[in-house]
Amino acid sequence: LALAALSTIAMLFAQRRLQNYQHMFGLDGPTSEDVRDKILASPSPEVSAETECSICLGSGSLLSQWRELPCGHQFHESCLLE
C-alpha cells in the first residue's frame, strides 16, 4: 500500500512538472531561441585558467565570455552561439 501511494505521488509530481513546463514554453516545449535567450540572460560564471570549454575543449581565459548551463557545463559564449 505504501509503495502504491509513493508511486501515485511521484506520478502526480511528474504531471505537475510537465504542466509547468507546458505553461512556460507552450505545448511543444521551448524553441531554440527561447533556450538561447535564457542561457544568455544568465550571469557569466567566473572561470579559472584550468576551466575547459565543453565544446572546443579550449581553456579558460579572462578575455573570453563564458556561459554555464543548469547542468554545470561551461562554454565559451562564442562556441555556444555558433
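Keep in mind that what you see is a predicted model, and the values were worked out from it rather than measured.

### Considerations on the overall build of the protein
Here's step 1: A count of helical and extended segments in the protein gives three helices and two strands.
Here's step 2: Element order for the protein, N to C, with α for helix and β for strand: α-α-β-β-α.
Here's step 3: Relative to its full complement of 82 residues, the protein shows a buried share of 15%.
Here's step 4: Summarising the internal contacts of the protein: among those between residues at least 6 apart in sequence, 23% fall at separations of at least 24.
Here's step 5: Carbon and sulfur atoms make up 60% of the accessible area of the protein, which totals about 6,600 Å².

### Observations regarding unusual backbone geometry
Here's step 1: In the Ramachandran plot, L57 falls in the positive-phi region, its phi being about 65 degrees despite a non-glycine side chain.
Here's step 2: When its relative accessible area of 55% is taken as the criterion, L57 is described as exposed.

### Some points on the confidence of the model for the protein
Here's step 1: Residues at a pLDDT of 70 or more form 88% of the protein, whose mean pLDDT is 79.
Here's step 2: Across the protein, the secondary-structure element scoring lowest on mean pLDDT is helix α2 (residues 32–41), at 77, and the one scoring highest is strand β1 (residues 66–68), at 86.

### Topic: the side chain of Q74
Here's step 1: When you line up the elements, Q74 lands in strand β2 (residues 74–76).
Here's step 2: Only 3.3 Å separates the side chain of Q74 from the side chain of E68, close enough to count as a polar contact.
Here's step 3: In contact with Q74, not counting residues within four places along its chain, are P45, V47, T51, E52, C53, S54, W66, R67 and E68.

### A short note on the environment of H73
Here's step 1: Inspection of the secondary structure puts H73 in the loop between β1 and β2.
Here's step 2: Sequence separation between H73 and E52 is 21 residues; the distance between their C-alpha atoms is 9.3 Å.
Here's step 3: Look past the residues within four positions of H73 in its chain and what remains in contact with it is S54, R67 and E68.

The rules behind the values
Residues numbered from 1 in each chain as written. Predicted model: local features only at pLDDT ≥ 70, side-chain atom pairs only at ≥ 80, totals over all residues. Heavy atoms only, no water. Helix = DSSP H or I, 4+ residues; strand = E, 2+ residues; numbered from the N terminus. Buried < 20%, exposed > 50% of the residue type's maximum accessible area, 1.4 Å probe, protein only. Contact = heavy atoms within 4.5 Å. Areas by Shrake-Rupley, 256 points an atom, 1.4 Å probe, with all protein chains shown as cover. pLDDT = per-residue confidence, 0-100. Polar contact = N/O pair within 3.5 Å; in protein donor to acceptor, adjacent residues only side chain to side chain.

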